[in-house]
Amino acid sequence: MNNSRAFTIKFDTLADSLYLECGVSEAISAEELQKGKEHPKVLKYKALWDTGATKSSISQRVVNDLGLIPVGQGINHTAAGVVPTKMYLINILLPCGVGFPSLMVTSSDLGNLDVLIGMDVICKGDFSITNVNGKTTFSFRAPSLETIDYIENTPSSKPIVVPKKVGRNNLCPCGSGKKYKHCCGK
């Protein structure tokens, strides 16, 4: 049975950031719900997708709004350096019912954002961005159902297979026809 869920967001321009509204609640498991425990309140927040972030993060506002209690200590690696932080367990609900229960997140100063969706969520599904005719389309599906391979669907393209080690005098694997030392090996 296919239990995958997906959503697509279309932008009228080329998007330089991927924002959406997501739901956040205190963590609750499916087992707790089946045993009759009431689902905690789900609040909506602005979220940014960040492929450069290892873990997802929430703002202090989310912590306060939901009355979250820290479950541990951690660190955030930021442009300003290493910052100690508290860890929280939350559920994130994305559009069309794409959800992630009991997700361990850090708290961070996110400026005007409340949720940063990092690679701990992104790598659990298929993440695709296309830019056609000056418009961006962003799609996400979880869990993955198949391999998405743009090379297979583009007849003029050939996959580049890079050997583990390229000799300096070998032809460059990029297909330029130059020796590796005069091309990508510079």
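Residues numbered from 1 in each chain as written. Predicted model: local features only at pLDDT ≥ 70, side-chain atom pairs only at ≥ 80, totals over all residues. Heavy atoms only, no water.

Draft legend 1. Inspection of the state of the cysteines at higher detail. Counted by the stated rule, this structure contains zero disulfides. Left unpaired, C96 is separated from the closest cysteine sulfur, that of C22, by 14 Å. We classify C96 as exposed; its relative accessible area is 52%. (Disulfide = S-S within 2.5 Å. Buried < 20%, exposed > 50% of the residue type's maximum accessible area, 1.4 Å probe, protein only.)

Draft legend 2. The pairing of strand 6 (residues 81-93), seen in detail. Here strand 2 (residues 19-26) pairs with strand 6 via four bridges, running antiparallel. Across the sheet, residue G23 finds its bridge partner in strand 6, namely L93. With seven bridges connecting them, strand 5 (residues 72-78) and strand 6 associate as antiparallel partners. Paired with I75 across the bridge in strand 6 is P84. Counting the residues between successive antiparallel strands, the hairpin from strand 5 to strand 6 contains two residues. With six bridges joining them, strand 6 and strand 7 (residues 99-107) adopt antiparallel strand pairing. Bridged to M87 within strand 7 is T106. (Pairing = 2+ DSSP bridges. Helix = DSSP H or I, 4+ residues; strand = E, 2+ residues; numbered from the N terminus.)

Draft legend 3. A look at the packing of aromatic side chains. In total, this model carries eight aromatic pairs according to the counting rule given. Ring geometry for W49 versus F138: centroids 5.0 Å apart, planes at 75 degrees, classification edge-to-face. With W49 in strand 3 (residues 43-49) and F138 in strand 10 (residues 135-142), this residue pair connects regions lying 89 residues apart in the sequence. W49 sits in the buried class, given a relative accessible area of 6%. Looking at F138, the relative accessible area reads 0%, which means it is buried. Judged by centre distance (5.1 Å) and plane angle (55 degrees), the ring pair of W49 and F140 falls under tilted. Separated by 91 residues along the polypeptide, W49 in strand 3 and F140 in strand 10 bring together distant segments of the chain. The exposure class of F140 is buried, given its relative accessible area of 1%. Here the basic side chain of K46 rests over the ring of Y19, its NZ or CZ set 4.4 Å away from the ring centre. (Phe/Tyr/Trp six-rings, centres within 6.5 Å; stacked < 30°, edge-to-face > 60°. Lys NZ or Arg CZ within 6 Å of the ring centre and 35° of its normal.)

As far as function goes, none of this settles anything; it's purely spatial.
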